[in-house]
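Structure assessment
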Amino acid sequence: MAGAIAYISRDTDGVAWEKLLTEALGPLDFRRLRDGLGNTDDIEIALAWKPQPGLLASFKNLKMIVSLGMGVDHLLADDKLPHHVAITRIMDDGLVGQMAEFAVYWALWHHRDIAKYAASQKAKKWKPEEFVDSIHRPVGVMGLGTIGTDTAKKFAMLGFPTMGWSRTAKTVPGVETFHGRDALPAFLGKSTILVNVLPLTRETRGLLDKKTFAALPKGAFLINMGRGAHVVDDDLLAALDSGHLAGAALDVFNTEPLPADHPYWAHPKVHITPHMAGYTNPRTASPGVIENIKRLRTGQPLLHTVDPKTGY
Ligand code: GLV
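In short, a report on the structure. Along each chain, the written sequence defines residue order, and numbers are assigned to residues from 1. At least 70 in pLDDT is required for a residue's local features to be given in this predicted model, at least 80 for side-chain atom pairs to be given and counted, and no such filter applies to totals for whole chains, interfaces and linings, which use all residues. In computing side-chain values, all of the structure's heavy atoms are included and hydrogens and water are not.

1. Thoughts on empty space enclosed by the protein
Both site types are read off a 1 Å grid over the protein atoms alone. A 1.4 Å probe that fits but cannot get out defines a cavity, while an open set with protein on both sides within 12 Å along at least five of seven lines defines a pocket; lining residues have an atom within 4 Å of a point. Grid points are joined across faces, edges and corners, and a volume is the space filled by probe spheres set on the points. If you walk through the whole model with that rule in mind, you get one cavity of 30 Å³ or more. The computed volume of the largest cavity comes to approximately 40 Å³. Every residue along the wall of the largest cavity is listed here: Val66, Thr88, Arg89, Ile90, Met91, Ala285, Gly288, Val289, Asn292 and His304. Elements with a minimum of two residues in the lining of the largest cavity: β5 (86–89) and α9 (282–297). Top contributing element to the lining of the largest cavity by residue count: α9, with four residues. Grouping the amino acids of the lining of the largest cavity by side-chain chemistry returns five nonpolar, four polar and one charged. To qualify as a helix, a DSSP run of H or I must reach at least 4 residues; to qualify as a strand, a run of E must reach at least 2; elements of each kind are numbered from the N terminus. Under the convention adopted here, Pro, Cys and the residues Ala, Val, Leu, Ile, Met, Phe, Trp and Tyr are nonpolar, Asp, Glu, Lys and Arg are charged, and Gly plus all remaining residues are polar.

And the structure:
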């Protein structure tokens, strides 16, 4: 039998992954961190989500690391990560679609004043609110990878003027694109709804700070489904409290789970979800992983590889 596949996650049990991989590849030596990994010299492939630092480096015969999230910052944060081992990440159409749904949901919630109508209902008040036409509600999407591109296209389809910002130049049909730091003020200046799906890298950590918030139009709404560490929390709270920002829907946090005493919990303009904007769905994510396992075992180039230098 080929080398073992180790499932390294404390969040999920890997049962679905074992079933799907076995159906596609035949009998497997599939091991779970939860149940003990046995002799780790046997491990050829690790499917990993937030592995304990140093763990992957201790697998002497490891040939491929598969990130169970589309974001790979959880792997690159490990300073002992074995750089001679190929790193790939899942590509999951299911997750991509969910992320776009999350962004569109909150954008429409804000755009159509749903909170005000909920308050009116409580007061038994029939009160149509001032209406903003979608053509006057530009949406800016930060990050134009697979998720950001899909999200931006969906906003454009709904009729919102849609912009995208990325590190390198990209073109997306129906979307006005900007790239690089120099273009950031022009992009932010028009983004009445800002959606963050950037990868977390050295360059993007803390990018959502006071300068960025100040560059947004007054009354802008933030949707963060990238990483918590993109946001300087005190700066966001200040921008909300000053009234410059109308609200923020946050799915990701600097510390997860969000600590019970964090000011976000009780903030009237903050909407919290527990990192659920996109679930890695084994059904939709496994075909790409199966393909890569076959490629690894037949010496062909791998798909969806990660460049540790760029961080995605
Ligand atoms: C989830 O956060 C992911 O990176 O897929």
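2. Overview of the sheet that holds strand β12 (residues 270–272)
One requirement defines pairing of two strands: DSSP has to find at least two bridges between them. Here seven strands make up an open sheet; going across it, the order is β8-β7-β6-β9-β10-β11-β12 and the pairing parallel. Two strands lie at the open edges of the sheet, namely β8 (176–179) and β12, each paired on one side alone. Going across the sheet, the axis of each strand differs from the next one's by a mean of 15 degrees, ignoring polarity. Contacts are assigned to residue pairs with any non-hydrogen atoms lying within 4.5 Å of each other. An axis is simply a line fitted to the C-alpha atoms; with a helix, the fit covers only the stretch in contact. Between two such axes, the angle follows the N-to-C directions and lies from 0 to 180 degrees. Contacting β10 (220–224), β11 (245–250) and β12, helix α8 (residues 233–241) crosses the sheet at an angle of about 140 degrees to β11.

3. Concerning the nonpolar core
In terms of nonpolar packing, the biggest core is built from 46 residues, with Trp17, Leu21, Leu47, Phe155, Val195 and Ile223 touching the most fellow members. With nine residues, helix α3 (residues 93–111) is the largest single contributor of residues to this core. Throughout, the edges of the domains are those of an automatic or database domain assignment. Both of domain 1 (4–92 + 280–298) and domain 2 (94–272) provide at least three residues apiece to this core. Ignoring sequence-local partners within four residues, the contact set of Trp17 consists of Tyr7, Phe30, Leu47, Leu68, Ile90, Thr280, Pro282, Ala285, Ser286 and Val289. Listed in part, the 28 residues of the second largest apolar core include Met142, Ala183, Phe187 and Leu237. What we call a nonpolar core is a set of buried Ala, Val, Leu, Ile, Met, Phe, Trp, Tyr and Cys residues that are connected through their side-chain atoms within 4.5 Å. Buried residues are those whose accessible area, probed at 1.4 Å on protein chains only, stays under 20% of the maximum for their type, while exposed residues exceed 50% and partly exposed ones sit between those limits.

4. Let's talk about the environment of Gly174
Tracing the sequence through the fold places Gly174 in the loop between β7 (162–166) and β8. Residue Gly174 is classed as exposed on the basis of its relative accessible area, which comes to 64%. Put simply, Gly174 and Lys154 are 20 residues apart on the chain and 9.9 Å apart in space, counted from C-alpha to C-alpha. If we skip the residues at most four places from it in the chain, Gly174 touches Ala156 and Thr162.

Any functional reading would require information beyond the geometric quantities listed.
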